[in-house]
Amino acid sequence: MPVMLVEDTNWTEVHVTGYDVSLIHDIIERILTVAPDQDGEYPPFFQPGYPYFLRGLTPFVVQELFRYGVHTEWHQRPRQQNNYSPREVTFGRPLQDWVVDEMLKHRYGVIDIATRFGKSFVYLQWYFRAGRPRTLVFAPTADIAGQMREDWRTVTDEPIGMVAATVQKEHDWQNITICIENSLCEGKGGGIKPEVIPYLEACEARIRDECHKAGDRQALIYQYMPNCIWSWGSSATPLVGKDYKDYGLIGWHGPKRVEVTAASAAAHGIIAPVNAVWLPFFHHGELPTENFDDKYKSSIVQNRERNLMIAWLARQLSETGKQGLIFVNYAEQGQRIANDIPGCYVVASKLISQKEADHIKKLFNAGEVQVVCCTKKWREGVTFQCDFAINAEAMQADHVTVQKLGRGLIPKQDGRPFIWIDIDDYGVKMLRRWADKRRDCLENEGWAQTTFMDDRAFSTALRSGQL
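Residues numbered from 1 in each chain as written. Predicted model: local features only at pLDDT ≥ 70, side-chain atom pairs only at ≥ 80, totals over all residues. Heavy atoms only, no water.

A few words on helix α11 (residues 304-319). Between the first and last C-alpha of α11 there are 22 Å, a value that for 16 residues agrees with the 22 Å anticipated at 1.5 Å per step. Taken together, the buried positions of α11 are Arg306, Asn307, Met309, Ile310, Ala311, Leu313, Ala314, Gln316, Leu317 and Ser318. Of the residues that open α11, the one with a side-chain oxygen 3.3 Å from the backbone nitrogen of Glu305 is Asn303. The first or second residue beyond α11 is Gly321, which carries a positive phi of 90°. (Helix = DSSP H or I, 4+ residues; strand = E, 2+ residues; numbered from the N terminus. Expected span 1.5 Å × (residues − 1). Buried < 20%, exposed > 50% of the residue type's maximum accessible area, 1.4 Å probe, protein only. Polar contact = N/O pair within 3.5 Å; in protein donor to acceptor, adjacent residues only side chain to side chain.)

Looking at the secondary structure, you find Gly415 in the loop between α14 (398-406) and β18 (418-426). Accessibility expressed as a relative area gives 47% for Gly415, which makes it partly exposed. Along the sequence, Gly415 and Pro273 sit 142 residues apart, while their C-alpha atoms lie 8.2 Å from each other.

Side-chain pairing between opposite charges can occur once the charged atoms of the two side chains come close. Overall, the coordinates contain 22 salt bridges when judged by the stated rule. Residues Arg87 and Glu158 are paired through a salt bridge, measuring 3.8 Å at the closest nitrogen-oxygen approach. Remark: Glu158 occurs in the loop between α5 (142-153) and β7 (160-164) and Arg87 occurs in the loop between β4 (72-76) and α3 (96-103); sequence separation between them is 71 residues. Arg306 is the partner of Asp425 in a salt bridge, and the nearest nitrogen-oxygen pair spans 3.0 Å. Taken together, the residues Asp425 in strand β18 and Arg306 in helix α11 connect sequence positions 119 residues apart. The burial state of Asp425 is the same as that of Arg306; both residues are buried. Members of the salt-bridge network, linked through shared partners, are Asp8, Glu13, Arg77 and Arg79. (Salt bridge = Lys/Arg side-chain N within 4 Å of Asp/Glu carboxyl O.)

This part covers the pairing of β7. Most of β7 sits inside the fold, with five of its five residues counted as buried. Burial of β7 is two-sided: the residues Ile160, Met162 and Ala164 facing one way and the residues Gly161 and Val163 facing the other way are all buried. Here four bridges tie β7 to strand β9 (residues 176-179), and the two strands are oriented parallel to one another. Following the sheet pairing, Gly161 is matched in β9 by Thr177. Sheet analysis places β7 next to strand β8 (residues 168-172), joined by two bridges and oriented antiparallel. Paired with Met162 across the two strands is Asp172, which belongs to β8. (Pairing = 2+ DSSP bridges.)

On to the packing of α11 against helix α16 (residues 455-463). When two helices pack together, their arrangement is captured by the angle between the axes and the distance separating the axes. Packing of α11 against α16 brings their axes to within 10 Å, and their N-to-C directions diverge by 15°. The angle between the axes of α11 and α16 places the two elements in the roughly parallel class. In this structure, the crossing between α11 and α16 has a hand that is right-handed. Of α16, the residues touching α11 (which contributes Trp312, Leu313, Gln316, Leu317 and Glu319) are Asp455, Phe458, Ser459, Leu462 and Arg463. Its residues assigned to classes, the contact of α11 with α16 comprises five nonpolar, two polar and three charged. (Axes fitted to C-alpha atoms, helices over the stretch in contact; angles between N-to-C directions. Parallel < 35°, antiparallel > 145°, perpendicular 65-115°, else oblique. Left-handed = near helix turned anticlockwise from the far one by under 90°. Contact = heavy atoms within 4.5 Å. Nonpolar A, V, L, I, M, F, W, Y, C, P; charged D, E, K, R; others polar.)

Here is the structure:
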C-alpha cells in the first residue's frame, strides 16, 4: 500500500511510499485542521514534517483519505500485556455487560452512557474481563474518586489504589488505581512528579471518567504512558460541540464506540424515566448591555416575577406531597426564591458549611424537608430521593443539564417518573438560545417533552395526576 498508518500507544505514524510525501502530508493536514472561531486560530492536529498524529484520530483519517482516493494500510504495533487471565464477573446491572462486550472489541474509544448507569462498575467489569491489565482510572474530583473506591470495595476484595492528595496523603499504587491528575504534578502548572513516572510507564490501560472535563494536563500525563495499550473516555455527554476540544478528546481516546441513551437505561429499569415539562416566561425587555453578568443577573437572578413563578411551581408540587430541588447559579437567587417557599433551605458554599449541607441532605432524604435551592454544590456526586427538580438558572451547557437531571433518577418503587421543569425564556436572545440548547439535550437523551402555555394548565395537569 502506498500509505501505511502504524498505531503506537499515543500516536499513529504516517509512512508514504507510492505517493508524493508532501502531497499526502498536505491532505492529512487539511483533514485534521479545525476551522478557527471567534477565539482565534487553532493549530492543526497534523503538520507536514511531523509524520504522526494522535492515535484516536486514525479511523477518521483512514475514512477521509479514502474519500480523497488514497489507499491506506492500517497496522497496530503489537504490545505485550502482563500475564493475567480474564476473570468471570458476577456483579453489575442490565446492559453493563453488553457495554463491556463492545469495549473488548477495541483497544480505545469513547463510551457515551447515561448518568446513573453505573459507569464505575463498567470500568471494573472491563478490568477483570480484559485480563486485569495495570489500569489507571482518572476521576474528575476527589469526592468522586473516594465514592468510586468505596463502590468497588463492595464487589471485590482486590486492593484498589488511590492517588488523590485531598483524600489520601500517601500515594497508594495498585494494579487498578483511581487518580486525580493534579496529584501527579508538582503544583499548579508544574511538571510530572519524578516519583510517579515509573508507575505511569508501567500502566497498560487508562480510563478517564467524565471525559468532557479533561484537564489541561491530560496531554502531558499521557505522554509518560508509553506502554498504554488501552485508552477509554467515558461521559454522559462526552462531546461538547466545540471542534477543537472534541478532536482532542477523540485524538487521545478514539471515536465513539458505545452509546446508551437515558431513555434506553430507563426502559431497562436502571434509572427513573423523566417527565420533562416546559413553562414559558416572557421578559419585558433585554437590558441594553454587552456585559454578560449584568444581563444575566438582571434577567434571571434579580427578576422578581420569574423567581415568584418558580417559587409558585415549587409550592404547587410540594402541596401534592412531592420533594424536589431548585437549581440556581447564584446563592442570591436561591435566597430570593426560598423567601417565598415555607421551610425551604438554600445550599451554597458561600452560605453554609459542608457539615450543614450534609445535615440538610440527611433531612431531605428522610422526608423532613421538601424543597431545597442548591448551587453547583449539589450538581454531581450526590444522591437524592427526590420527585422533581426545577431548573431556575437558565444556562446552556448540556453536561450540566444531564448532571442536574441525575440527582433524581433513582428508580421509584412505584415506577413514577421524575418531573423535570424548565423555563422557556422569551424576550432575551441569549436566554432563548440557551433554552433551545437544553431542549435539544433532553431530546438527545430520549425524553418526551410537554409545554404548558400557562400556570393554570400546569396546575390542572398536576392535580389530575398527569404529572
